[in-house]
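This is what each chain is made of:
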Amino acid sequence: DPAWGAFKDKTKPIPGNHDYNTTNASGYKGYFGSLAQPNGTTYYRFEAGGWQIYALDSQLQMGTASAQYKWLQGQLASNPDNCVAALWHHPLASTGEYAPGMNKVQAAWRLLQANGGDLVLVGHEHAYERWAEINADRRADASGMRQVVVGTGGVGFRPFTMTPPSALEVRQNNTHGVLQLTLNDTGYSARFVPVAG
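Everything quoted here is computed from the prediction, not taken from an experiment.

> Now, about the packing of aromatic side chains: what can you tell me, with residues and values included?
In total, this model carries nine aromatic pairs according to the counting rule given. Ring geometry for tryptophan 88 and tryptophan 109: centres 6.3 Å apart, planes at 70 degrees, overall edge-to-face. Of this pair, tryptophan 88 sits in the loop between β3 (84-87) and α3 (106-114) while tryptophan 109 sits in helix α3, and the two are 21 residues apart along the sequence. Look at tryptophan 109 and you get buried, because its relative accessible area is 0%. Over the ring of phenylalanine 46 we find lysine 12, and its NZ or CZ is 5.1 Å from the ring centre. The ring of phenylalanine 160 is capped by arginine 171, whose NZ or CZ atom sits 4.2 Å from the centre of that ring.

Okay, here's the thing in structure tokens:
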């Protein structure tokens, strides 16, 4: 709150693993209030800059039989769009502590990709990684989605544990900062803004 509280009213939060260190993420839900569950769940949809954006809870089940997956499937069918992004905590692909990435998000990745998904923003790793378009198997794929890991908000960094594959465009684990993302009806632009700037 001392660092980011000034932006709370316009934050679109998603929970991570540490938020579930309190029972049923009660600390997260208590702090963010209705922002944490705008439709009664910790996953929800919103629109910004001409995009459909899906905020998902990767601490919950995301497989094809899960309530969250079925909700996402229905939302994507009801809200088709040329520009689709998703936010969740755990990275599909990573070269850090959790390399090569988390399989638990593969089903949601496949569903989003099949419905025109463009961009996925994640955290969990204490580093920054920008991936080219990849598929759910972490392979370069021109019809895949780009993933950006933005784990540079203030916690200590961790080392990279594997050689970067060709689909990884940029990575760094020595500079705190944020991702500035500009959305428009036909695409987006993004840049990493270091804390000094």
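> Quick rundown of the pattern of salt bridges? Include the residues and the values.
Inspection of the entire model under this criterion finds six salt bridges. Taking the shortest distance from any N to any O, the salt bridge between glutamate 47 and arginine 45 comes out at 3.2 Å. The exposure class assigned to glutamate 47 is exposed, which follows from its relative accessible area of 56%. Residue classification places arginine 45 among the partly exposed residues on the basis of a relative accessible area of 28%. With a shortest N-O distance of 2.7 Å, glutamate 97 and arginine 158 are connected by a salt bridge. Taken together, the positions of glutamate 97 in the loop between β3 and α3 and arginine 158 in the loop between β6 (146-150) and β7 (168-172) put the pair 61 residues apart, joining distant regions of the chain. By relative accessible area, which is 28% here, arginine 158 ends up partly exposed.

> Describe the packing of helix α2 (residues 67-78) against α3, with residues and values.
With their axes 11 Å apart at the nearest point, α2 and α3 run at an angle of 5 degrees to one another. Of the possible angle classes, the one that applies to α2 and α3 is roughly parallel. On the side of α2, the interface is formed by Tyr69, Leu72, Gln73 and Leu76, while α3 contributes Ala107, Ala108, Leu111 and Leu112.

> So what's going on with the pairing of strand β8 (residues 177-184)? Which residues, and what values?
One ladder, built from eight bridges, connects β8 with strand β9 (residues 187-194); its direction is antiparallel. Considered in β9, the bridge of valine 178 is made with valine 193. Between β8 and β9, which pair antiparallel one after the other, the connecting turn spans two residues.

> Explain the side chain of glutamate 129 to me, using residue names and the numbers behind them.
Position of glutamate 129 among the secondary structure elements: in strand β5 (residues 128-131). Of note is the side chain of glutamate 129, whose polar atom sits 2.4 Å from the side chain of threonine 95. A distance of 3.3 Å separates a polar atom in the side chain of glutamate 129 from a polar atom in the side chain of tryptophan 131. When near neighbours in sequence (up to four residues on either side) are disregarded, glutamate 129 contacts Ala93, Ser94, Thr95, Gly96, Gln147, Val148, Val149, Phe160, Leu168, Val170 and Arg171.

> Please give an account of the layout of surface pockets that cites residues and values.
Considering only enclosed or pocket space, the largest pocket measures out at about 1900 Å³ in volume. Lining the largest pocket are 44 residues, and of these Trp4, Thr11, Lys12, Pro13 and Ile14 lie nearest its centre. With six residues, β8 is the single largest residue contributor to the lining of the largest pocket. Looking at the lining of the largest pocket residue by residue, the classes come out as 22 nonpolar, 15 polar and seven charged. In this structure, the second largest pocket encloses a volume near 170 Å³.

> Tell me what's going on with α3, and back it up with residues and numbers.
Among the nine residues that make up α3, seven are buried, leaving the element largely enclosed by the rest of the structure. Within the span of α3, buried status applies to Gln106, Ala107, Ala108, Trp109, Leu111, Leu112 and Gln113. If you follow the buried residues of α3, they end up packed against β2 (51-55), α2, β3, β4 (117-122) and β6. Positioned one or two residues after α3, glycine 116 has a phi angle of 85 degrees, which is positive.

Calculation notes
- Residues numbered from 1 in each chain as written.
- Predicted model: local features only at pLDDT ≥ 70, side-chain atom pairs only at ≥ 80, totals over all residues.
- Heavy atoms only, no water.
- Phe/Tyr/Trp six-rings, centres within 6.5 Å; stacked < 30°, edge-to-face > 60°.
- Helix = DSSP H or I, 4+ residues; strand = E, 2+ residues; numbered from the N terminus.
- Buried < 20%, exposed > 50% of the residue type's maximum accessible area, 1.4 Å probe, protein only.
- Lys NZ or Arg CZ within 6 Å of the ring centre and 35° of its normal.
- Salt bridge = Lys/Arg side-chain N within 4 Å of Asp/Glu carboxyl O.
- Axes fitted to C-alpha atoms, helices over the stretch in contact; angles between N-to-C directions.
- Parallel < 35°, antiparallel > 145°, perpendicular 65-115°, else oblique.
- Contact = heavy atoms within 4.5 Å.
- Pairing = 2+ DSSP bridges.
- Polar contact = N/O pair within 3.5 Å; in protein donor to acceptor, adjacent residues only side chain to side chain.
- 1 Å grid on protein atoms, 1.4 Å probe; cavity = no way out; pocket = protein on both sides within 12 Å on 5 of 7 lines; lining within 4 Å.
- Points joined across faces, edges and corners; volume = space filled by probe spheres on them.
- Nonpolar A, V, L, I, M, F, W, Y, C, P; charged D, E, K, R; others polar.

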